[in-house]
Amino acid sequence: MRAVVQRVSHASVTVDGRVVGEITGPGLMALVGVTHTDTASEAARIAKKLWTLRILEDELSCSDSGAPILVVSQFTLYGDARKGRRPTWQAAAPGPVAEPLVDAVVEELRGLGATVATGVFGAKMSVALTNEGPFTVVLEA
């Protein structure tokens, strides 16, 4: 499982012209990708890392400050463009495998006490954010 995490002051996801997930104030935007071998164990590790990652202002984490997290599924994190100019998606897990694991990340975060907003799995989403810093890290579990 892989996540690209950005420190944000605002982030939102829109589907069909309607905002389906949004966070305001300091928080994290997490694009989460799933590969074939991922399990609930990786989902729990990524969730805990997101909750405790100390990348907010003054080296605080979401768990320290109560900052919200926007989680958006992103199969393209497992795109491979090493050969040619068109990426392959072979390393990305198919929807029936990936969706429950992205949901597990969200549920694990909520279980830890996080305020979590989400996108819509498999939908064509427009993601808007204000990256603060800018600050972006890649996590793997």
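From a predicted model like this one, the values you see are computed outputs, not experimental measurements. Within every chain, residues take consecutive numbers counted from 1 along the sequence as written. Thresholds applied to this predicted model are a pLDDT of at least 70 for local features of residues and 80 or more for the giving and counting of side-chain atom pairs; totals over whole chains, interfaces and linings are not thresholded and use all residues. Hydrogens and water are ignored here; the side-chain numbers use all heavy atoms of the structure.

1. A look at the overall build of the protein chain
Moving on, step 1. Secondary structure is summarised from DSSP: a helix means a run of H or I of at least four residues, a strand means a run of E of at least two, and numbering begins at the N terminus for each. Looking only at helices and strands, the protein chain features three helices and five strands.
Moving on, step 2. Starting at the N terminus and walking to the C terminus, you meet the elements of the protein chain as β-β-α-α-β-α-β-β.
Moving on, step 3. Relative to the compact-globule value of 14 Å for 141 residues, the protein chain shows a C-alpha radius of gyration of 14 Å, a close match.
Moving on, step 4. Along the first, second and third principal axes, the C-alpha atoms of the protein chain reach 40 × 35 × 25 Å.
Moving on, step 5. Should any heavy atoms of two residues lie within 4.5 Å, those residues are counted as being in contact. If you take every contact in the protein chain between residues at least 6 apart in sequence, the share linking residues at least 24 apart comes to 74%.
Moving on, step 6. Carbon and sulfur atoms form 50% of the exposed surface of the protein chain, whose accessible area is close to 7600 Å².
Moving on, step 7. This count recognises Lys and Arg as positive and Asp and Glu as negative, with His and chain-terminal groups excluded. Charged side chains are reduced to one point each, which is NZ for Lys, CZ for Arg, CG for Asp and CD for Glu. Here the protein chain holds 13 positive side-chain charges and 15 negative ones, and the gap between their average locations is 9 Å. Put simply, the radius of gyration uses C-alpha atoms, and a globule should come to 2.2 Å times the residue count raised to 0.38. Using the Shrake-Rupley algorithm and a 1.4 Å probe, accessible areas are obtained, with residue cover drawn only from the displayed protein chains.

2. A closer look at the sheet that holds strand S4 (residues 116-118)
Moving on, step 1. One bridge is not enough; two strands pair if DSSP finds at least two bridges between them. With mixed pairing, the five strands of this open sheet are ordered in space as S4-S3-S2-S1-S5. What marks the edges here is a single partner per strand, and that holds for S4 and strand S5 (126-140). Ignoring which end each strand starts from, the neighbouring axes of this sheet average 35 degrees apart.
Moving on, step 2. Pairing geometry for strand S1 (residues 2-15) and strand S2 (residues 18-33), over 13 bridges, is antiparallel. When the bridges of S2 are listed, Ala 11 appears paired with Ile 23.
Moving on, step 3. This element, helix H1 (residues 40-52), spans S1, S2, strand S3 (69-73) and S5 of the sheet and lies at about 110 degrees to S5. Comment: axis = line fitted to C-alpha atoms, over the contacting stretch for helices; angle = value between 0 and 180 degrees taken between N-to-C directions.

3. Section: the pairing of S2
Moving on, step 1. Where S1 folds back on S2, the antiparallel hairpin that results is connected by two residues, among which Asp 16 adopts a positive phi of roughly 50 degrees.
Moving on, step 2. Looking at chain direction, S2 and S3 are connected through five bridges and run parallel. The partner of Leu 28 across the bridge, within S3, is Ile 69.

4. Examining the environment of Gly 95
Moving on, step 1. Take Gly 95: it is sitting in helix H3 (residues 95-112).
Moving on, step 2. In this structure Gly 95 comes out as partly exposed when scored by relative accessible area, which is 27%.
Moving on, step 3. Setting aside anything within four residues of it in sequence, one finds Gly 95 in contact with Pro 100 and Phe 121. Exposure classes here rest on a 1.4 Å probe applied to the protein chains alone. A residue is buried below 20% of its type maximum, exposed above 50%, and partly exposed in between.

5. Some thoughts on the environment of Ser 41
Moving on, step 1. Along the chain, Ser 41 falls in helix H1.
Moving on, step 2. On a C-alpha basis, the gap between Ser 41 and Leu 101 in space is 9.5 Å, while along the polypeptide they are 60 residues apart.

6. Digging into the packing of aromatic side chains
Moving on, step 1. Ring pairs shown here join Phe, Tyr and Trp side chains whose ring centres sit within 6.5 Å, with only the six-membered ring taken for Trp; geometry is labelled stacked below 30 degrees between planes, edge-to-face above 60, and tilted in between. Tallied over the entire structure, the rule returns one aromatic pair.
Moving on, step 2. Here the aromatic rings of Phe 75 and Trp 89 are separated by 5.3 Å at their centres, their planes lie at 70 degrees, and the arrangement is edge-to-face. With a gap of 14 residues between them, Phe 75 in the loop between S3 and H3 and Trp 89 in the loop between S3 and H3 connect regions that are remote in the sequence.
Moving on, step 3. Residue class for Phe 75 comes out partly exposed when judged on its relative accessible area of 48%.

7. Details of unusual backbone geometry
Trans is the common state for peptide bonds, and a negative phi is the common state for residues other than glycine.
Moving on, step 1. Of note, the amide linkage connecting Gly 133 to Pro 134 takes the cis form, showing an omega dihedral of -10 degrees.
Moving on, step 2. Checked against the element boundaries, Pro 134 lands in strand S5.
Moving on, step 3. The phi dihedral of Asp 16 falls on the positive side, at around 50 degrees, and the residue is not glycine.
Moving on, step 4. Position of Asp 16 relative to the elements: it lies in the loop between S1 and S2.
Moving on, step 5. A positive phi angle, close to 60 degrees, is found at Glu 59, a residue other than glycine.
Moving on, step 6. By secondary structure assignment, the location of Glu 59 is in the loop between H1 and helix H2 (62-65).

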